[in-house]
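# A structural walkthrough
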Amino acid sequence: MNPDVISVVIDKLRKLSPEKASDLTVTNAQFITLRSLDLDSLDTLQLAMDIEDALGMNIEIVNFPNTLTIAQLSEHLAEMKAGLRQPA
């Protein structure tokens, strides 16, 4: 797991779902899904935009299926970001 990416994701989720912030830890990231945080479509869009800004990358909303765990989402984003750094 990329610690920088998962930290960004958890930080942004804590801001969107403060009532569940205490559960949002790196340790729990493998068990918590986006669905379990009860994010609506606007929250998910805001999350994507916040992560885009923080990581300096473009993210399609389809990369945020609500069945992914936070750890899976973070890993997917880390792979996307690493792909951006590879030479063309």
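Structure: see above.
Quick look at the structure, then. This structure is a prediction, so every number in the text was calculated from the model and none was measured.

Here we take up the overall build of the protein chain. A tally of helices and strands in the protein chain yields 3 helices and 0 strands. On C-alpha atoms alone, the protein chain measures out to a radius of gyration of 12 Å, which is about the 12 Å that the 2.2 N^0.38 rule sets for 88 residues. Here the protein chain, with 88 residues, has 38% of them falling under the buried criterion. As displayed, the protein chain offers around 5300 Å² of accessible surface, 51% of which is attributable to carbon and sulfur atoms. Of the charged side chains in the protein chain, 7 are positive and 13 negative; the average position of the first set lies 4 Å away from that of the second.

Moving on, we come to the pattern of salt bridges. A side chain with one charge may pair with a side chain of the opposite charge, provided their charged atoms come close. For the structure on display, the rule yields 2 salt bridges. Asp11 is paired through a salt bridge with Lys12; the nearest N and O atoms lie 3.8 Å apart. Here Asp11 and Lys15 are joined by a salt bridge, their closest N and O atoms 3.4 Å apart. You can see Asp11 and its partner Lys15 sitting in helix α1 (residues 3–16), 4 residues apart, about one turn around the helix. Residue class for Lys15 comes out exposed when judged on its relative accessible area of 58%.

What follows concerns α1. For α1, with 14 residues, the first-to-last C-alpha span of 20 Å sits near the 20 Å given by 1.5 Å per residue. Every buried residue of α1 is listed here: Val5, Ile6, Val8, Val9, Ile10, Lys12 and Leu13. By the N-cap criterion, in which a side-chain oxygen at the helix start approaches the backbone nitrogen of a residue two or three places on, α1 is capped by Asn2, the distance to Asp4 being 2.9 Å.

Criteria and thresholds
- Residues numbered from 1 in each chain as written.
- Predicted model: local features only at pLDDT ≥ 70, side-chain atom pairs only at ≥ 80, totals over all residues.
- Heavy atoms only, no water.
- Helix = DSSP H or I, 4+ residues; strand = E, 2+ residues; numbered from the N terminus.
- Rg over C-alpha atoms; globule rule 2.2 N^0.38 Å.
- Buried < 20%, exposed > 50% of the residue type's maximum accessible area, 1.4 Å probe, protein only.
- Areas by Shrake-Rupley, 256 points an atom, 1.4 Å probe, with all protein chains shown as cover.
- Lys, Arg positive; Asp, Glu negative; His and termini not counted.
- Charge placed at Lys NZ, Arg CZ, Asp CG, Glu CD.
- Salt bridge = Lys/Arg side-chain N within 4 Å of Asp/Glu carboxyl O.
- Expected span 1.5 Å × (residues − 1).
- Polar contact = N/O pair within 3.5 Å; in protein donor to acceptor, adjacent residues only side chain to side chain.

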